[in-house]
Amino acid sequence: MREARLGQHGTALVPSTLSARLEAHPDALRAFRSARHRFVDGERIDMGRLAAELGVDRTSLFRWVGNRDQLLSEVLWSLAVPTLDAADRAVTTTGAARIVGVLTRFTADLIEAPYFRVFLTREPSRALRLLTTTDSDVQRRLVAVVTTLIDEESSAARFDPAPLSAREVASLLVRISESFSYADLISGEPPDADRARAAFEYVLRPSVPATPPPSDPTAG
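Residues numbered from 1 in each chain as written. Predicted model: local features only at pLDDT ≥ 70, side-chain atom pairs only at ≥ 80, totals over all residues. Heavy atoms only, no water.

K.L.:
Just checking my understanding: could you explain the overall build of the protein for this structure?
P.N.:
Assigned secondary structure in the protein consists of 13 helices and zero strands. The helix and strand sequence of the protein, counted from the amino end, reads α-α-α-α-α-α-α-α-α-α-α-α-α. On the principal axes, the C-alpha backbone points of the protein span a range of 90 × 35 × 30 Å. The burial tally for the protein puts 46% of its 220 residues in the buried class. Sequence-distant contacts in the protein: of pairs separated by 6 or more residues, those separated by 24 or more amount to 67%. For the protein, the accessible surface area stands at approximately 11500 Å², while carbon and sulfur atoms represent 53% of it. Computed over 27 positive and 29 negative side-chain charges, the separation of the two mean positions in the protein equals 5 Å. (Helix = DSSP H or I, 4+ residues; strand = E, 2+ residues; numbered from the N terminus. Buried < 20%, exposed > 50% of the residue type's maximum accessible area, 1.4 Å probe, protein only. Contact = heavy atoms within 4.5 Å. Areas by Shrake-Rupley, 256 points an atom, 1.4 Å probe, with all protein chains shown as cover. Lys, Arg positive; Asp, Glu negative; His and termini not counted. Charge placed at Lys NZ, Arg CZ, Asp CG, Glu CD.)

Next comes the structure, spelled out in structure tokens:
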């Protein structure tokens, strides 16, 4: 079985100030873990309450983990990592089918995660900004992970992203995932992993060369 550490590539390829701090500062890690626990429990991450829980002032907390958006972004990505790894572990196919399978499972898990839906419902504008903009660490990391996935299949000659680059295809696939994961916020439609799968398959289906017309035996 393939070692499923796909999600780990995101932070390594797109590090942040906070991700580096978590590696070196126990206080930052303690604050981050407390915030992550609150998020998974469906609670709003409030910097004042978090500082009080940790027994420090807000200035110290901000020095440890940055502002609320930075902390939320890191929490969101920390939850995406095991989700991506689980999706990759569950998929046994290769080539385009592997890419479709991983992204479909990841999209479905996002849609079904109760704490994630609570966050989207409670803070829709902030959620879309932290998850779907080009300045978002979460989106940039997800694009990097999907690029890695495409590169792995391309290097093994099981998938060819041409005429686009691997990163261009990855960006397109991430946008598709976002469109169906956050459909209720973007278009008012229900999120739908099955339609996401259909879109992934449509984009990644192999091109079929045009069949030349039959020659006319009477010509010439």
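K.L.:
Would you take a moment to explain the packing of helix 10 (residues 137-155) against helix 11 (residues 166-181) for this structure?
P.N.:
When two helices pack together, you describe them by how their axes are tilted relative to each other and by the distance separating the axes. Interaxial distance between helix 10 and helix 11 falls to 8 Å at its minimum, and their mutual angle equals 125°. The angle between helix 10 and helix 11 falls in the class oblique. Crossing hand, helix 10 versus helix 11: right-handed. Along the contact surface, helix 10 presents Gln139, Leu142, Val143, Val146, Thr147, Ile150 and Asp151, while helix 11 presents Ala166, Arg167, Val169, Ala170, Ser171, Leu173, Val174, Arg175 and Glu178. Of the residues assigned to the contact of helix 10 with helix 11, the class counts are nine nonpolar, three polar and four charged. (Axes fitted to C-alpha atoms, helices over the stretch in contact; angles between N-to-C directions. Parallel < 35°, antiparallel > 145°, perpendicular 65-115°, else oblique. Left-handed = near helix turned anticlockwise from the far one by under 90°. Nonpolar A, V, L, I, M, F, W, Y, C, P; charged D, E, K, R; others polar.)

K.L.:
Is there a simple way to think about the packing of aromatic side chains in this case?
P.N.:
Aromatic ring pairs: the centre-centre distance and the angle between the two ring planes describe each pair. Overall, the coordinates contain three aromatic pairs when judged by the stated rule. Pairing Phe39 with Tyr115 gives two aromatic rings, centres 6.0 Å apart and planes at 65°, and the pair type is edge-to-face. With Phe39 in helix 3 (residues 26-40) and Tyr115 in helix 8 (residues 114-122), the pair connects residues that are 76 residues apart, well separated along the chain. Here Phe39 falls in the buried class, since its relative accessible area comes to 1%. On the basis of relative accessible area, Tyr115 is assigned to the partly exposed category, the value being 21%. (Phe/Tyr/Trp six-rings, centres within 6.5 Å; stacked < 30°, edge-to-face > 60°.)

K.L.:
Which parts of the structure should I look at to understand the side chain of Ser78?
P.N.:
Topologically, Ser78 is positioned in helix 6 (residues 68-90). Look at Ser78 and you get buried, because its relative accessible area is 17%. A distance of 2.8 Å separates polar atoms of two side chains, one belonging to Ser78 and the other to Arg36. In terms of polar contacts, Ser78 uses its side chain to reach the backbone carbonyl oxygen of Val75, at 2.7 Å. Apart from the residues lying within four places of it in its own chain, the contact partners of Ser78 are Phe32 and Arg36. (Polar contact = N/O pair within 3.5 Å; in protein donor to acceptor, adjacent residues only side chain to side chain.)

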